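Here is how the chains run, residue by residue.
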Amino acid sequence: MYRLILLGPPGAGKGTLADNLTDRFNVPHISTGSILRRNIKEGTPLGKKAKEYMDKGALVSDEIAMRIVENRLKEDDCKNGFLLDGFPRTVNQAEQLDRYLDANGISVDKVIDLVADEELLMERMIGRRVCKSCGRIYHITAMPPKTEGVCDFCGGEIYHRSDDTEETVKKRFFVYRSQTAPLIDYYRNEGVLLTVDASFTPEYTLKAVIAGLGLQNDNN
Ligand code: AMP
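What comes next is a walk through the structure.

Cut-offs and rules
Residues numbered from 1 in each chain as written. Predicted model: local features only at pLDDT ≥ 70, side-chain atom pairs only at ≥ 80, totals over all residues. Heavy atoms only, no water. Pairing = 2+ DSSP bridges. Helix = DSSP H or I, 4+ residues; strand = E, 2+ residues; numbered from the N terminus. Axes fitted to C-alpha atoms, helices over the stretch in contact; angles between N-to-C directions. Contact = heavy atoms within 4.5 Å. Near = heavy atom within 4 Å. Polar contact = N/O pair within 3.5 Å; in protein donor to acceptor, adjacent residues only side chain to side chain. Areas by Shrake-Rupley, 256 points an atom, 1.4 Å probe, with all protein chains shown as cover. Nonpolar A, V, L, I, M, F, W, Y, C, P; charged D, E, K, R; others polar. Salt bridge = Lys/Arg side-chain N within 4 Å of Asp/Glu carboxyl O. Buried < 20%, exposed > 50% of the residue type's maximum accessible area, 1.4 Å probe, protein only. Parallel < 35°, antiparallel > 145°, perpendicular 65-115°, else oblique. Left-handed = near helix turned anticlockwise from the far one by under 90°.

### Topic: the sheet that holds strand S4 (residues 110-115)
As summarised here, the arrangement of the 5 strands in space is S2-S3-S1-S4-S8, forming an open sheet in which the pairing is parallel. This sheet does not close on itself; its edge strands, each paired only once, are strand S2 (29-31) and strand S8 (193-197). Between one strand axis and the next, the sheet turns by 20° as a mean value, whatever way the strands run. As paired elements, strand S1 (residues 2-7) and S4 share 4 bridges and run parallel to each other. Bridge assignment links Leu 6 to a residue of S4, and that residue is Ile 112. Set on the sheet, helix H9 (residues 202-212) makes contact with S4 and S8; between it and S8 the angle comes to about 150°.

Encoded structure:
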């Protein structure tokens, strides 16, 4: 049973780590950013509302984010655990999540805080590409797909996120520092924080996380 939260600045590798962990633990990867992007693609009212904020590098409201997560956590596949990626992003969201989990008699096992410096993260994000269909993450030089523009896993189209530009990434770093970074102390105080250096390869991060969770590095 794994109930995990992935924390860390934009580009730290939360999505890539989540892909690797879900393969191993068989728990759903819940990315609020991916859910919002799907809504934008489908032109839903939620997507239309969220796009304005996302294109500016700002956060959508706590209310929207919490509603998305609550609805998703109610689904059957979350009964054996879940991996939250990109949520919570504010102390208010974390408090709301705690209240929701408490009310359901469950709690988070670990919050994995991925740490890397902003210069490296910027380079990663400018080169980052994402599958439009399944959300798998690539990088134009460090982790390209086998066939250019095509997802290795589902054959979907690979694209460059409109918020992965230098200007927007700078704003997202600012938002992270001011609104999300306080969660590090929040979860440290809860005694569930696991800090991992995310400056190296995805494999290195995965190994450090597996070791930090007290598991064996046996299948990578
Ligand atoms: P991500 O894919 O996690 O980088 O998220 C992309 C964008 O979606 C963010 O820059 C925010 O605009 C929005 N977003 C995702 N998750 C949240 C959240 N928990 N709270 C507020 N906004 C969010």
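### Observations regarding unusual backbone geometry
Pro 88 follows Phe 87 through a cis peptide bond whose omega is -5°. Positive phi, close to 60°, is recorded for Asn 26, a residue that is not glycine.

### Some thoughts on the site of the ligand
Around the ligand there are 16 residues in total, and Thr 32, Arg 37, Ala 58, Gly 86 and Gln 93 lie nearest to it. Side-chain polar atom of Thr 32 to a nitrogen atom of the ligand: 2.7 Å apart, as the coordinates give it. Between the ligand and Arg 37 there is a distance of 2.9 Å, counted from an oxygen atom to a side-chain nitrogen or oxygen. Bound to the protein, the ligand loses 96% of the 490 Å² it would expose on its own. Ranked by the residues each element gives to the shell around the ligand, the list is headed by helix H2 (residues 32-42), at 4 residues. Across the shell around the ligand, the residue classes tally to 7 nonpolar, 4 polar and 5 charged.

### Points about the sheet that holds strand S6 (residues 137-139)
Taken in spatial order, the 3 strands of this open sheet run S6-S5-S7, and their pairing is antiparallel. Across the chains shown, the open sheet's two edge strands, defined by having one partner strand only, are S6 and strand S7 (158-159). Where helix H6 (residues 118-126) meets the sheet, it contacts strand S5 (128-131) and S6, and its direction lies at approximately 45° from that of S5.

### Re the pattern of salt bridges
One pass over the full model with this rule turns up 15 salt bridges. Between Lys 79 and Asp 76 there is a salt bridge; the shortest N-O distance is 2.7 Å. Two residues, Arg 172 and Asp 164, come together in a salt bridge whose shortest N-O distance is 3.0 Å. We classify Arg 172 as buried; its relative accessible area is 9%. Where salt bridges share partners, they join Arg 128, Arg 161, Asp 163, Asp 164 and Arg 172 into one cluster.

### Topic: the packing of helix H1 (residues 14-25) against H9
Working note: a packed helix pair is described by the angle between its axes plus the distance between those axes. Interhelical geometry of H1 versus H9 gives an angle of 55° and a closest axis separation of 10 Å. Relative to H9, the element H1 lies oblique. Judged by the twist between their axes, the crossing of H1 over H9 is right-handed. Touching Thr 16, Leu 17, Asn 20, Leu 21 and Arg 24 of H1 are Pro 202, Thr 205, Leu 206, Val 209 and Ile 210, all from H9. Of the residues belonging to the contact of H1 with H9, the class tally is 6 nonpolar, 3 polar and 1 charged.

### Some words on the pairing of S4
Note on strand geometry: in a regular strand, side chains alternate between the two faces of the sheet. Bridging between S4 and S8 involves 5 bridges; their strand directions are parallel. Paired with Val 111 across the bridge in S8 is Leu 193.

Remember, this is a structural readout, not a statement about activity or role.
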